[in-house]
Structures are given as structure tokens and as C-alpha cells.
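Each chain is listed here by its residues.
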Amino acid sequence: MGIYIIAIAFMLIGWLISNQLKRKFKQYSEITIGTGLSGKEIAEKMLSDNGINDVKIVSVEGRLSDHYNPLDRTVNLSHDVYYGRSAASAAVSAHECGHAVQHARAYAWLQLRSALVPVVNFGSKWVQWVLLGGLIFFNTFPALLLLGIIMFGVITLFSFITLPVEFDASKRAMVWLETSRSANPQELGMAKDALWWAAMTYVAAALGALAMLAYYIMIYMGRRN
């Protein structure tokens, strides 16, 4: 029963934060920034100001699907952000470029996160089955549950490593938006608010993963005793 309570609680928290993020993005998307720059133009300017000339800016499908891909060095902006000329599009575009700057500057947390991606992708595919098998066959093969806990532990670690990466990208975005005069004080406040709610989605995911990890460890220790 405990695992269901934990899962439902953090699913609810994640849903509330996600809804708030969508509401904030919609609200700030309706406010055109004074410079009139689109998300694509914001990205071009921020990359150029940081001396980055080998990163492409592309438009991708989806809503809030924006991301930076270090493998092919692309800043991927959703349609609303790529073409938008709002406080929201400026914030998101600058944030994703913040990741490109991290990559160019060899930011340690981003490097560590990138190194863990293959491991986490593999673990995410199999961890639920390993944990389930570990719970079912604990009496005959307890090591299986321990293996599942280790796999889930790596995924949880990845979630927490993501936090400084995201917060730092937002910090770089805000500093650049201010120093480059790409946004006025009111627009900066909107951008900061939007990015804060985006960061909270990662915080909720990390805390949810930690709670689940603790629960599985308690089960393992309890059954051993």
C-alpha cells in the first residue's frame, strides 16, 4: 500500500506543478517583449554573445518540448518558442542556450549528466521488471531486488544531478537577458517566474524518485531481517 501512496502523492504534486507551469507559460506568452525579438533571434544573439558558432537552432514539434541536444549540438525550440516574441519564449530560448553555454564551457555537472545518460536509458527500460521480480522472488533470489535498488539508485542520482544543470542554465539565461538588455525589469520578473516553475518539475521528479528509492530499501532491509 505504501508504494501506491507515495506514487499517487508525487504524481499529484507533479501534475499540479505541470499545470501551473502551463498556466504561467500561457500567461507570459501573451506579453510581447519590448525588443520584439523572437525565440530564435534571442537564441542566435545569446549564442553569438558567448562566442558559440557551431550550435544550430531548430524548430521542433510539441508544446514545451524545448531542449538542448549535446550530441548534435542543437538548440531545439518548440513552435511557440521559436516564433514567439514574448517574455515566455525569451525565457525558454535563453534557458536552452544556457545549456549550450554549459557544454561549450565544459560545465562539470552537465558532463557528468551526459556520461550517465546511456546507463540511465538502459536502467529505465528494465528497472521496473527487475524490482518486480525482486519482490516476487525475494525468498529464493534476494540479490535481484538489491540489483533493482542499485539500478533505481542510479536513476535517482541522475535526477538530482539534473537539478544543478537546470538551475545553472536558468541563472545563465537570466544574467544574459539582463546584461544584454534583451528584457526590461518587468519582463525579467516574468522570465524568472516561468523558469522557476519549470525547475520545480525537476525538483518534484527528483524527490519522488528519492522517496521511492527509500521505500524499496526499507522493504529490502525489512525482509532481510
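Below is a summary of the structure that appears in this document. (Residues numbered from 1 in each chain as written. Predicted model: local features only at pLDDT ≥ 70, side-chain atom pairs only at ≥ 80, totals over all residues. Heavy atoms only, no water.)

Details of unusual backbone geometry
Let me state the cut-off plainly: Burial here depends on accessible area, computed with a 1.4 Å probe over protein chains only, as a share of the maximum for the residue type. Under 20% is buried, over 50% is exposed, and the range in between is partly exposed.
Of note, the phi angle at Arg73 is positive, near 50°, even though the residue is not glycine. Phi is positive for Ala106, close to 55°, though the residue is something other than glycine. Residue class for Ala106 comes out partly exposed when judged on its relative accessible area of 39%.

Details of the packing of helix α2 (residues 39-49) against helix α6 (residues 142-179)
Our working definition: An axis is simply a line fitted to the C-alpha atoms; with a helix, the fit covers only the stretch in contact. Between two such axes, the angle follows the N-to-C directions and lies from 0 to 180 degrees. Runs of E in the DSSP output that reach at least two residues are strands. Runs of H or I that reach at least four are helices, and both are numbered from the N terminus. With respect to orientation, any angle under 35 degrees is reported as roughly parallel, any angle over 145 as roughly antiparallel, any angle of 65 to 115 as roughly perpendicular, and every other angle as oblique. Residue contacts follow a heavy-atom distance rule, with two residues in contact if any of their heavy atoms lie within 4.5 Å. All amino acids are sorted into three groups, where Ala, Val, Leu, Ile, Met, Phe, Trp, Tyr, Cys and Pro are nonpolar, Asp, Glu, Lys and Arg are charged, and the leftover types, Gly among them, are polar.
For the pair α2 and α6, the least separation of the axes is 11 Å and the interaxial angle reads 95°. Here α6 runs roughly perpendicular to α2, going by the angle between their axes. Across from Ile42, Lys45, Met46 and Asp49 in α2, the residues of α6 making contact are Arg172, Ala173 and Trp176. By residue class, the composition of the contact of α2 with α6 is four nonpolar, no polar and three charged.

Examining the nonpolar core
Rule in force here: Only buried residues count toward a nonpolar core. Its members are Ala, Val, Leu, Ile, Met, Phe, Trp, Tyr and Cys residues joined through side-chain atoms within 4.5 Å.
The biggest cluster of nonpolar side chains holds 34 residues, and the ones touching the most others in it are Leu47, Val55, Ile57, Val75, Leu77 and Leu177. Counting residues per element, this core draws most heavily on helix α4 (residues 87-104), at nine residues. Discounting chain neighbours no more than four positions away, the residues touching Leu47 are Ile52, Val55, Ile57, Cys97 and Ala100. Counting 21 residues, the second-largest nonpolar core is a separate cluster that includes Val127, Val130, Phe138 and Ile161.

Focus: α4
What counts is decided by this rule: Multiplying 1.5 Å by the helix residue count minus one yields the expected span of that helix.
Between its terminal C-alpha atoms α4 stretches 26 Å, which fits the 26 Å expected from 18 residues at 1.5 Å a residue. Across the 18 residues that make up α4, a large majority, 16, are buried. Two residues or fewer past α4, Ala106 is found with a positive phi of approximately 55°.

With respect to the packing of α2 against α4
How we decide: Throughout, a crossing is termed right-handed when the near helix is turned clockwise from the far one, and left-handed when it is turned anticlockwise from it by less than a right angle.
For the pair α2 and α4, interaxial distance at closest approach is 8 Å and the crossing angle is 35°. Considering the relative orientation of α2 and α4, their crossing is right-handed. Residues Gly39, Ile42, Ala43, Met46 and Leu47 of α2 form the contact with α4, whose participating residues are Ser89, Ala90, Ser93, Ala94, Cys97, Gly98, Ala100 and Val101. Counted by class, the contact of α2 with α4 contains nine nonpolar, four polar and no charged residues.

Re α6
Look at α6: 57 Å from first C-alpha to last across 38 residues, which is about the 56 Å you get at 1.5 Å a residue. Backbone geometry just after α6 places Arg181 at a positive phi near 60°.

Quick notes on the packing of aromatic side chains
Rules: Pairing of aromatic rings covers Phe, Tyr and Trp, the last counted by its six-membered ring, and requires centre-to-centre distances within 6.5 Å; plane angles under 30 degrees mean stacked, over 60 mean edge-to-face, and any other angle means tilted.
Evaluation of the coordinates by the stated rule reveals five aromatic pairs. For the pair Phe138 and Tyr220, a centre-to-centre distance of 5.8 Å together with 85° between the ring planes defines the contact as edge-to-face. Of this pair, Phe138 sits in the loop between α5 (108-136) and α6 while Tyr220 sits in helix α7 (residues 185-224); the two residues are 82 residues apart in sequence, bridging distant segments of the chain. This pair shows no difference in class: Phe138 is buried, exactly as Tyr220 is. With a centroid separation of 6.0 Å and 65° between ring planes, the pair formed by Phe152 and Tyr216 is classed as edge-to-face. Of this pair, Phe152 sits in helix α6 while Tyr216 is found in helix α7, placing the two residues 64 residues apart along the sequence. Of the two residues examined, Phe152 and Tyr216, each falls in the buried class.

Comments concerning the sheet that holds strand β1 (residues 56-60)
What counts, and what does not: Strand pairing is defined by DSSP finding a minimum of two bridges between the two strands.
Strand order in the open sheet made by the three strands is β1-β3-β2, with mixed pairing throughout. This sheet does not close on itself; its edge strands, each paired only once, are β1 and β2 (67-69). Sheet twist, expressed as the mean angle between neighbouring strand axes with direction ignored, is 25°. Two elements, β1 and strand β3 (residues 74-78), share five bridges in a ladder whose sense is parallel. Within β3, the position partnered with Val58 by the bridge is Asn76. Here α2 sits on the sheet and contacts β1 and β3; the angle it forms with β1, its principal contact strand, is near 160°.

Re the environment of Leu64
Relative to the helices and strands, Leu64 is located in the loop between β1 and β2. Leu64 gets classed as partly exposed once you look at its relative accessible area, which sits at 29%. Sequence separation between Leu64 and Asp80 is 16 residues; the distance between their C-alpha atoms is 8.5 Å.

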